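Structure assessment
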Amino acid sequence: GGPQARGRLGVAGELRRRESDFIGGLLCLLQQVLHEVQPKRLFHPWIRIPPILLMCPIPYGVFRGCRPIHLRWLDVLFPDTFRQDFAEFHPKIFDMLDDPAARYINLQVMRDGAKTTLIRAYMAKRVAYKLSRTILYIGASQDKAKASVGWLKKQIERNKRFSQTFGLSKGGRWTDEYIEIKHGPEGVVITVIALGITGSVRGINIDDYRPDLIIPDDTIGDDNSATPEQRHKLTQLILGAVKESLA
């Protein structure tokens, strides 16, 4: 009953609490895997289970221990990119992105809300799982779109934890605005193209695959939205040529 005993009890209680959170998180993760992960993707012989499991979508707030696991794959696979704590709304963004029923998503996030960073990671996830074959990344200018495609290039070239886990490597074409990623386990090539909003998006068809993921990221700039006419033209581009290009 002395201070030393009470100290030991306090440590034990803290360990039990952490263990409870950890076990709860694992149970939540296991439940989600059993219900949502396709067996063929879970049991591919080339998959290293821990990072794959960490990329499984888990609805935010299901269990107290789930929140760290929900975005844990970002810390594990992209530690140089995700160095700060996540905001409360970040898991909800991935819930929307992972929703198969949501064909069109409009994310409006305040400045410094990490929208572009999260979208880049989502693009990498689509490549890793071969969920996309042709991706268009559209910015206010092609140079701005190149920066995000360049981030993905860097992950393939230098981030061995990511590229080797999923069997990804450089393809035949590897430029600032157009990259081909070889998906070794699936035996396919995934194409990612950087475009400006005023670039030509119609008619893109790579090896019979039209764009199945189109990301217009910060397409509004001073040069294309200063007048009502420019804003109307930009709206027509997004809801017309860009939207109709989606497979």
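The rules we used
Residues numbered from 1 in each chain as written. Predicted model: local features only at pLDDT ≥ 70, side-chain atom pairs only at ≥ 80, totals over all residues. Heavy atoms only, no water. Helix = DSSP H or I, 4+ residues; strand = E, 2+ residues; numbered from the N terminus. Buried < 20%, exposed > 50% of the residue type's maximum accessible area, 1.4 Å probe, protein only. Polar contact = N/O pair within 3.5 Å; in protein donor to acceptor, adjacent residues only side chain to side chain. Pairing = 2+ DSSP bridges. Axes fitted to C-alpha atoms, helices over the stretch in contact; angles between N-to-C directions.

Thoughts on the environment of H183
- Structurally, H183 can be placed in strand β3 (residues 178-183).
- Exposure remark for H183: the relative accessible area of 1% places this residue in the buried category.
- Along the sequence, H183 and L168 sit 15 residues apart, while their C-alpha atoms lie 4.9 Å from each other.
- At 2.8 Å, the side chain of H183 and the backbone oxygen of A128 are in polar contact.

Considering the sheet that holds strand β5 (residues 213-216)
- Spatially, five strands are ordered β2-β3-β4-β1-β5 in an open sheet, and the strand pairing comes out mixed. Among the strands making up the open sheet, the edge pair consists of β2 (168-174) and β5. Strand after strand, the sheet turns through a mean of 20° between neighbouring axes, direction not considered.
- Inspection of the sheet shows β3 paired to strand β4 (residues 188-196) by six bridges, in the antiparallel sense. Looking at β4, one finds that Y178 is bridged to I193.

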